[in-house]
Amino acid sequence: MTAPRTLREASCADDYDPNAMPVAKARELIRTFLSPLTAVERLHIRQSLGRVLAGDVVSPIAVPGHDNSAMDGYALRFADLAADSETVLTRVGESFAGKPWGGVLGAGECVRIFTGGVMPRGADTVVMQERASESASGVRVAAGVVSKAGQNRRFAGEDLKAGQTVFRDGQRMRPAEIGMLASLGIGEISVYRKLRVAFFSTGDELKSIGTTLAPGEIYDSNRYTLYGMLTRLHCEVIDMGVIEDTPAAVERALTNAAEAADVVITSGGVSVGEADYIKAILDKLGEVLFWKIAMKPGRPLAYGRIGNAHFFGLPGNPVAVMVTFYQFVRDALFVLQGDRSAQAQPTFKVALSAPIKKVPGRTEFQRGILTSDSNGAWSVRTTGDQGSGILSSMSQANCFIVLGTDTGNVAAGELVEIQLLEGFV
Ligand code: AMP
Ligand code: MG
């Protein structure tokens, strides 16, 4: 498929079927409309956790800066060790981490050295202290204890060389990256600015927490799961609350959201029949595609543009909101954030511990509980009732059980694909 340039072109493509859009196809199509942020800001590395690096980082120094010892022991010349008898060496100094010994090691000499201590000039090898014994007569090293020259010696630049590209543009900052920057003495970096994501809920039945419920009303939970997921993905969150279910209020909210944010997310109201006026407003304000994704849960989904903002219209059901966020919005946000280090969430094959009923035709994302038995063997079962309104299933689950379109019933013992929730969002 050559990438369509506009959403209208996409909706005219030969194989485009809004009523049975495969998950992978929808993902691929959305991908063609995304381009990364370009605005950057400077941050102290401590503030950069989870942010995306803008520009390459080149190492100003070598790490480590000097050859040094990997062990507490004695620095010596390998050539001094006798192959088939004990060697006695004379201790001539000490090299502590941060306090090198200034001399040059001569024949038959050794230096007491500690982990991280600079290798004395003339020494090429370290014997660990447990393999040597020191007394008034000298340091004794038994035959064969040191098998080769260079043992227990760390080389200058073995972690990073001066001038080496350490990180490329688009690298997500994790604790390891922050630590590496610190090891180079770099305290400040450029990152892409935070992605601004605005969202609101619509529905006359929805009430915000802090109010009491009349019969038939429910508390709006989608804004809270969205808040949590977006915060974990290091977005700037703009919570616009529950918007009154009238054309004028929804139009105003969408217009304001698109002006304030890079991404606008709504939940509910995109299912066919329910509120066609939302569709009409979206058509008026921008270009939006409405799909019935061949998946469960998460059937209705809308994607498009309102002004310069990307628009995601998620289903209303609380589980469907989370599933569609994990499966579509997450990857899209990564692209927009400029993250080039992101990967699709991996799937693993695990044995099913209880049978699952499924009708072929849609990809299902069932909520699963992955556990290990006393032998360390892992297996997975569902959380039980898979209704798309049962949010407790997402809370009980630690993984999705991903059942492909063509899959039917699955028997206990069969292998199924899972995606871990932890680290996904
Ligand atoms: P809809 O797509 O608007 O027809 O909503 C589908 C189902 O999700 C209905 O049962 C709604 O009450 C429920 N729902 C919609 N929005 C929310 C929300 N923000 N929080 C909790 N439940 C919601
Ligand atoms: Mg509704």
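Structure: above.
Every chain's residues receive numbers from 1 upward, in the order its sequence appears when written. Here every chain gets a letter starting at A, and every ligand a number starting at 1, in the order they are written. At least 70 in pLDDT is required for a residue's local features to be given in this predicted model, at least 80 for side-chain atom pairs to be given and counted, and no such filter applies to totals for whole chains, interfaces and linings, which use all residues. With hydrogens and water excluded, all non-hydrogen atoms of the structure serve as input to the side-chain values.

### Here we look at the pattern of salt bridges
Working definition: two side chains of opposite charge can pair if their charged atoms are close together. Filter applied, for reference: By definition here, a salt bridge exists when the distance from a side-chain nitrogen of Lys or Arg to a carboxyl oxygen of Asp or Glu is within 4 Å. Only DSSP runs of H or I covering at least 4 residues are called helices, and only runs of E covering at least 2 are called strands; the numbering of each starts at the N terminus.
Under the defined criterion, the tally for this structure stands at 21 salt bridges. A salt bridge links Arg51 to Glu41, with the shortest nitrogen-to-oxygen separation between them at 2.5 Å. Of the two residues, Arg51 sits in the loop between β1 (40-44) and β2 (57-58) while Glu41 sits in strand β1, which places them 10 residues apart along the sequence.

### Quick word on the pairing of strand β5 (residues 87-95)
Look at any regular strand and the pattern is simple: side chains alternate between the two faces of the sheet. The condition that has to hold: Only strands that DSSP links by at least two bridges are regarded as paired with each other.
Sheet topology note: the β5/strand β9 (residues 138-141) ladder contains three bridges and is antiparallel. The residue of β9 that forms the bridge with Leu89 is Val139.

### A few points about the packing of aromatic side chains
Spelled out, the test is: Think of it this way: a Phe, Tyr or Trp ring, Trp meaning its six-membered ring, pairs with another when their centres are within 6.5 Å, and the plane angle makes it stacked under 30 degrees, edge-to-face over 60, tilted otherwise. A 1.4 Å probe rolled over the protein chains alone gives each residue an accessible area, and that area as a share of the maximum for its type sets the label: buried under 20%, exposed over 50%, partly exposed in between. For a ring to carry a charge above it, either NZ of a lysine or CZ of an arginine must fall within 6 Å of the ring centroid while also lying within 35 degrees of the normal to the ring plane.
Scanning the model with the defined rule gives seven aromatic pairs in all. Centre to centre, the rings of Tyr326 and Phe424 are 4.9 Å apart; their planes meet at 85°, and the pair counts as edge-to-face. Taken as a pair, Tyr326 in helix α7 (residues 318-336) and Phe424 in the segment after β26 (415-420) lie far apart in primary sequence, 98 residues in all. Of the two residues, Tyr326 and Phe424, neither departs from the other in class, the shared state being buried. Taking the ring centre of Phe328 as reference, the NZ or CZ of Arg27 above it sits at 5.9 Å.

### Some details on the packing of helix α2 (residues 23-31) against α7
Where we set the bar: Angles here are taken between N-to-C directions and fall from 0 to 180 degrees, while the axes themselves are lines fitted to C-alpha atoms, restricted in helices to the stretch in contact. Roughly parallel here means an angle under 35 degrees, roughly antiparallel means over 145, roughly perpendicular means 65 to 115, and every remaining angle is called oblique. Helix crossings get a hand from a simple test, with the near helix turned counterclockwise from the far one by less than a right angle marking a left-handed crossing and a clockwise turn marking a right-handed one. In this analysis, two residues are considered to be in contact whenever any of their non-hydrogen atoms come within 4.5 Å of each other.
For the pair α2 and α7, the least separation of the axes is 10 Å and the interaxial angle reads 25°. When the axis of α2 is compared with that of α7, the two are roughly parallel. Once α2 is placed against α7, the crossing between them reads as right-handed. Residues Val23, Ala26, Arg27, Ile30 and Arg31 of α2 lie in contact with α7, whose contacting residues are Gln327, Phe328, Asp331, Ala332 and Val335.

### Quick look at the nonpolar core
Heads up, the rule is: Here, nonpolar core means buried Ala, Val, Leu, Ile, Met, Phe, Trp, Tyr and Cys residues that are tied together by side-chain atoms lying within 4.5 Å of each other. Note that the domain bounds were set by an automatic or database domain assignment.
Counting residues in hydrophobic clusters, the biggest one holds 50 residues, and the most contacted among them are Ile265, Trp291, Phe325 and Leu333. Ranked by residue count, the leading element in this core is α7, at 13 residues. Lining this core are residues from two domains, each supplying at least three of them: domain 1 (7-34 + 196-336) and domain 4 (347-420). Apart from the residues lying within four places of it in its own chain, the contact partners of Phe325 are Leu226, Met229, Leu230, Leu233, Ile265, Arg330, Leu333 and Val425. Of all hydrophobic cores here, the second largest spans 20 residues; its members include Ala198, Ile278, Ile281 and Ala309.

### Here's the deal with the packing of helix α4 (residues 222-232) against α7
A pair of packed helices is captured by two measures, namely the crossing angle of their axes and the spacing between those axes. Selection rule: Charged means Asp, Glu, Lys or Arg here, nonpolar means Ala, Val, Leu, Ile, Met, Phe, Trp, Tyr, Cys or Pro, and polar covers whatever is left, Gly included.
The geometry of α4 relative to α7 is characterised by a closest axis approach of 11 Å and an angle of 30° between their N-to-C directions. The angle between α4 and α7 falls in the class roughly parallel. Remark: the crossing between α4 and α7 carries right-handed chirality. On α7, the residues touching Asn222, Thr225, Leu226, Met229 and Leu230 of α4 are Pro318, Val321, Met322, Phe325, Tyr326 and Leu333. Class assignment of the residues belonging to the contact of α4 with α7 gives a composition of nine nonpolar, two polar and no charged.

### Comments concerning the site of ligand 1
Note the cut-off: Distances are taken per atom, and a residue is near a molecule or strand as soon as one of its heavy atoms is within 4 Å of it. Here a polar contact is taken to be a pair of N or O atoms separated by no more than 3.5 Å, where protein atoms must pair a possible hydrogen donor with a possible acceptor and residues adjacent in sequence count only if both atoms sit in side chains. Only the protein chains shown count as cover for residues, and all accessible areas are computed by the Shrake-Rupley method using a 1.4 Å probe.
Near ligand 1 you find 16 residues, and of these Glu205, Asp220, Ser221, Asn222 and Gly316 are the closest. Side-chain polar atom of Ser201 to a nitrogen atom of ligand 1: 3.4 Å apart, as the coordinates give it. Relative to its unbound accessible surface of 480 Å², ligand 1 loses 80% to contact with the protein. Residue composition of the shell around ligand 1, grouped by class: four nonpolar, nine polar and three charged.

### Regarding the sheet that holds strand β8 (residues 132-135)
In spatial order, the strands read β7-β4-β6-β5-β9-β8; together these six strands make up an open sheet with mixed pairing. Since the sheet does not close on itself, it has two edges, and those belong to β7 (125-128) and β8, each with one partner. On average, each strand axis in the sheet is inclined to that of its neighbour by 40°, with strand direction left out of account. Across four bridges, the pairing between β8 and β9 is antiparallel. Its bridge partner lying in β9, Ala132 is registered against Val141.

### Focus: the environment of Ala176
Following the sequence through the fold, Ala176 ends up in helix α3 (residues 175-183). As for Ala176 and Leu49, which are separated by 127 residues in sequence, their C-alpha atoms are 9.9 Å apart.

### Quick look at the environment of Lys207
Considering the arrangement of structural elements, one finds Lys207 in strand β14 (residues 206-207). Linking Lys207 and Val242, residues 35 residues apart in sequence, is a C-alpha distance of 7.3 Å. Beyond its immediate chain neighbours, meaning those up to four positions away, Lys207 contacts Leu213, Glu217, Ile218, Tyr219 and Asp220.

### Section: the pairing of strand β12 (residues 188-192)
Among the five residues in β12, four count as buried, and that is most of the element. Looking at chain direction, β1 and β12 are connected through five bridges and run antiparallel. Paired with Leu43 across the bridge in β12 is Ile189.

### Focus: unusual backbone geometry
Following Val63, the chain continues into Pro64 via a peptide bond in cis, with omega recorded as -10°. Residue placement: Pro64 occurs in the loop between β2 and β3 (68-69). Residue Pro297 is reached from Lys296 by a cis peptide bond, and omega for that bond is -5°. On the secondary structure map, Pro297 appears in the loop between β19 (295-296) and β20 (300-306). Although it is not a glycine, Asn152 sits at a positive phi angle of roughly 60°. Of note, Asn152 is situated in the loop between β9 and β10 (153-154). In this structure, His234 takes a positive phi of about 60° despite not being glycine. Inspection of the secondary structure assignment puts His234 in the loop between α4 and β16 (236-243).

Shape descriptors only; they carry no functional weight alone.
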